[in-house]
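# Working through the structure, step by step
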Amino acid sequence: MRKQLIADIGISESRVALVEDGDLAEIYIERPDIDRLVGNIYRGKVSSVLPGMQAAFVNIGYEKNAFLYAGDIVSMKEFSEDDDDHPHDEKGLNIADLVSVGQELTVQVIKEPIGSKGPRVTTNITLPGRHLVLLPDADYTGVSRRIEDEDERAKLKKIADNLKPAGMGLIVRTASEGMEEDDFTDDLGFLLKLWKNIKGKEKSGPVPRCIHKDLSLVYRLVRDLFTKDIDKFIINDRSHYEKVLELVEIVSPDLKHRVEYFAKDTSIFEYFRLDAKLARALSRKVWLKCGGYLIIDRTEALTVIDVNTGKYVGRSNLEDTVHKTNMEAADEIARQLRLRDIGGIIIIDFIDMHDKEHQQNVLDRLRQALKKDRTRTTVVGMTGLGLIEMTRKKVRQDLSSIMHVDCPYYEGSGRLLASDANGKGQKSGQEQVTDRAGRN
């Protein structure tokens, strides 16, 4: 599979697309007027304790207090790079015994504020490097589950055990597959220095305050996504291109030749036909190649996906027509969840199948397609009504929430494209509505 990272750096918006065999697979958008909080570390103060919810609210200096579960205060017993970031509350924990109002805490944001909810935080700090994740408060070593070869896992686990600082933990990241012990020393040294610097900032200054801010979008993707599986990293901004080269020279010098500067006098997203693909990613209806289609509807509590045969009438019999449509839909649903970054509870209404083998085939196809997703997913199974239940870890706002704004004239029931932040002159949702009203 051919993979490319394509970065569109604008004055007031940066977009990076992951393209797989010409298809838009993932999109990352960052704007300076919208603070990204995940990964940031704060010195905060407990503002309230809620024993009935086994949680506390922590003032980190954001407009909304952060939510801290009791299970996120206790030191990790086990952790994986790919694991869910919400440890289940352990029996016997009482939030009132763990924190008190006015207490100062060092916390890390693990989920962005979404809707009316503030950010979620943990006291279990994790510091990701290129090849390792440092767990300052967890005496544990592990290897990313995405490294499947058992011999390689055993080798990397042994390396992590040898390198692990006393009283701390290490996770070997997916990008480390095939590496030897000497390849990790610089990464570990950097993370230890970073943690020492963070601990120093804990000791003085006003509370609340930010004591560590994660990397900006492009450099974060160099760290987390630019691996040997990526064929090209194409950037349209000379300054960012040169800085990326410097960073790649440090973390993975063998990938330096794969970084390219896009110098053409045209939009990089238009050149690679990504704008049209991004627009389709916001559509409620998604057509399948066979002629069927998906309907994707979002509610506050969950996302519902309905599969329909549409124009596809098949060739032999109804059961085969339904089976083929559902199999293709399973692949497309996995792709849409990843592209739109849809998280939380997801209900899928595949077309009814009477053949038990066909039902299992569709479930297996969905699970296989979801393996491409770096975000943790869990397919629960099929209900008595034939609906498939699944969950996808929710960390950020989904693509629709980033790209759309609520229509002010219809109490939020309508959605408009947000203003174009790349300076192309697209009007804001408010301006579009005003213009339409004036023409009517």
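In what follows, the structure referred to is the one given above.
Below is a short write-up of the structure. (Residues numbered from 1 in each chain as written. Predicted model: local features only at pLDDT ≥ 70, side-chain atom pairs only at ≥ 80, totals over all residues. Heavy atoms only, no water.)

## What about the overall build of the protein chain?
Each helix and strand counted, the protein chain has 11 helices and 23 strands in total. A buried classification covers 47% of the 440 residues belonging to the protein chain. Summing over all exposed atoms, the protein chain offers an accessible surface of approximately 22500 Å²; the carbon and sulfur share of this is 49%. (Helix = DSSP H or I, 4+ residues; strand = E, 2+ residues; numbered from the N terminus. Buried < 20%, exposed > 50% of the residue type's maximum accessible area, 1.4 Å probe, protein only. Areas by Shrake-Rupley, 256 points an atom, 1.4 Å probe, with all protein chains shown as cover.)

## Topic: the sheet that holds strand E2 (residues 14-20)
Pairing in this open sheet of five strands is mixed, and the strands run E3-E2-E1-E14-E15 from one edge to the other. With one partner strand each, in any of the chains shown, strand E3 (23-30) and strand E15 (259-261) form the two edges of the open sheet. Across the sheet, the axes of successive neighbouring strands diverge by a mean angle of 20°, strand direction being ignored. Sheet topology note: the E2/E3 ladder contains seven bridges and is antiparallel. Directly across from serine 14, in E3, lies its bridge partner glutamate 30. (Pairing = 2+ DSSP bridges. Axes fitted to C-alpha atoms, helices over the stretch in contact; angles between N-to-C directions.)

## Details of the pairing of strand E21 (residues 388-392)
Side chains of E21 alternate between two faces, with Ile388, Met390 and Arg392 buried and Glu389 and Thr391 left unburied. Both strand E19 (residues 344-349) and E21 contribute to a ladder of five bridges, which runs antiparallel. Bridge pairing in E21 places glycine 344 opposite arginine 392. Here five bridges tie strand E20 (residues 377-382) to E21, and the two strands are oriented antiparallel to one another. Paired with methionine 382 across the strands is isoleucine 388, a residue of E21.

## Some remarks on the nonpolar core
Grouped together as the largest cluster of nonpolar side chains are 28 residues, with contacts concentrated most on Ile333, Ile348, Phe350 and Leu366. In terms of residue count, helix H8 (residues 318-340) provides more of this core than any other element does, seven residues in total. Once you skip the residues sitting within four places of it in the chain, isoleucine 348 turns out to touch Ile305, Val307, Ile333, Leu366, Gly386, Leu387, Ile388 and Met390. Grouped together as the second largest cluster of nonpolar side chains are 23 residues, Ile9, Leu18, Val222 and Phe233 included. (Core = buried A, V, L, I, M, F, W, Y, C linked by side-chain atoms within 4.5 Å. Contact = heavy atoms within 4.5 Å.)

## With respect to the pairing of strand E18 (residues 302-308)
Here E18 shows a clear split, with Thr303, Ile305 and Val307 buried on one side and none of Leu302, Val304, Asp306 and Asn308 buried on the other. Sheet analysis places strand E17 (residues 293-298) next to E18, joined by six bridges and oriented antiparallel. Pairing of leucine 294 across the sheet is with valine 307, part of E18. Joining the antiparallel neighbours E17 and E18 is a turn of three residues. Bridge analysis of E18 against E19 gives five bridges, and the strand direction is parallel. Counterpart to leucine 302 in the pairing with E19 is isoleucine 345.

## Description of the packing of aromatic side chains
Two aromatic rings are characterised by how far apart their centres lie and by the angle between their planes. Per the counting criterion, the structure on display carries eight aromatic pairs. Between phenylalanine 67 and tyrosine 69, the ring centres sit 4.8 Å apart and the planes meet at 85°, which makes this aromatic pair edge-to-face. The interplanar angle of 70° and the centroid separation of 5.4 Å between the aromatic rings of phenylalanine 226 and phenylalanine 233 together place this pair among those described as edge-to-face. The burial state of phenylalanine 226 is the same as that of phenylalanine 233; both residues are buried. Three or more aromatic residues joined by ring pairs make a cluster, and in this case those are Phe57, Phe67 and Tyr69. Note that arginine 238 overlies the ring of tyrosine 261, its terminal NZ or CZ placed 4.1 Å from the centroid. Sitting above the plane of the tyrosine 293 ring, lysine 285 keeps its charged end 4.5 Å from the centroid. (Phe/Tyr/Trp six-rings, centres within 6.5 Å; stacked < 30°, edge-to-face > 60°. Lys NZ or Arg CZ within 6 Å of the ring centre and 35° of its normal.)

## Description of unusual backbone geometry
The amide bond that connects valine 207 to the next residue, proline 208, takes the cis arrangement and shows omega of 10°. Here proline 208 is to be found in the loop between helix H3 (185-202) and strand E13 (209-212). A positive phi angle, near 50°, is found at aspartate 21, a position not held by glycine. Structurally, aspartate 21 can be placed in the loop between E2 and E3.

## Here's the deal with the environment of alanine 25
Residue placement: alanine 25 occurs in strand E3. A sequence separation of 314 residues divides alanine 25 from leucine 339, and the C-alpha atoms of the two residues are 5.3 Å apart. When neighbours within four sequence positions are excluded, alanine 25 is seen to be in contact with Leu18, Glu20, Arg338 and Leu339.

## A closer look at the pattern of salt bridges
All chains considered together, the criterion is met by 27 salt bridges. Between glutamate 26 and arginine 374 there is a salt bridge, with its nearest N and O atoms 3.6 Å apart. Here arginine 374 lies in the loop between helix H9 (356-370) and E20 and glutamate 26 lies in strand E3, a separation of 348 residues in the sequence. On the basis of relative accessible area, glutamate 26 is assigned to the buried category, the value being 6%. Assessed through its relative accessible area of 37%, arginine 374 is described here as partly exposed. The partner of aspartate 214 in a salt bridge is arginine 223, with the nearest N and O atoms 3.0 Å apart. (Salt bridge = Lys/Arg side-chain N within 4 Å of Asp/Glu carboxyl O.)

## Topic: a negative patch on the surface
Together, Glu148, Asp149, Glu150, Asp151, Glu177 and Asp229 make up a negatively charged patch on the protein surface. As for its placement among the helices and strands, glutamate 150 is situated in helix H2 (residues 150-163). Take glutamate 150: its relative accessible area is 58%, and that puts it in the exposed class. (Patch = residues over 30% accessible without salt bridge, like charges linked within 9 Å, V, L, I, M, F, W, Y side chains within 5 Å. Lys, Arg positive; Asp, Glu negative; His and termini not counted. Charge placed at Lys NZ, Arg CZ, Asp CG, Glu CD.)

## A look at H9
The end-to-end C-alpha distance of H9 is 21 Å, a good match for the 21 Å that 15 residues give at a rise of 1.5 Å each. Packed against the buried residues of H9 are H8, E19, E20 and E21. The N-cap residue of H9 is aspartate 355: its side-chain oxygen and the backbone nitrogen of glutamate 357 are 2.8 Å apart. (Expected span 1.5 Å × (residues − 1). Polar contact = N/O pair within 3.5 Å; in protein donor to acceptor, adjacent residues only side chain to side chain.)

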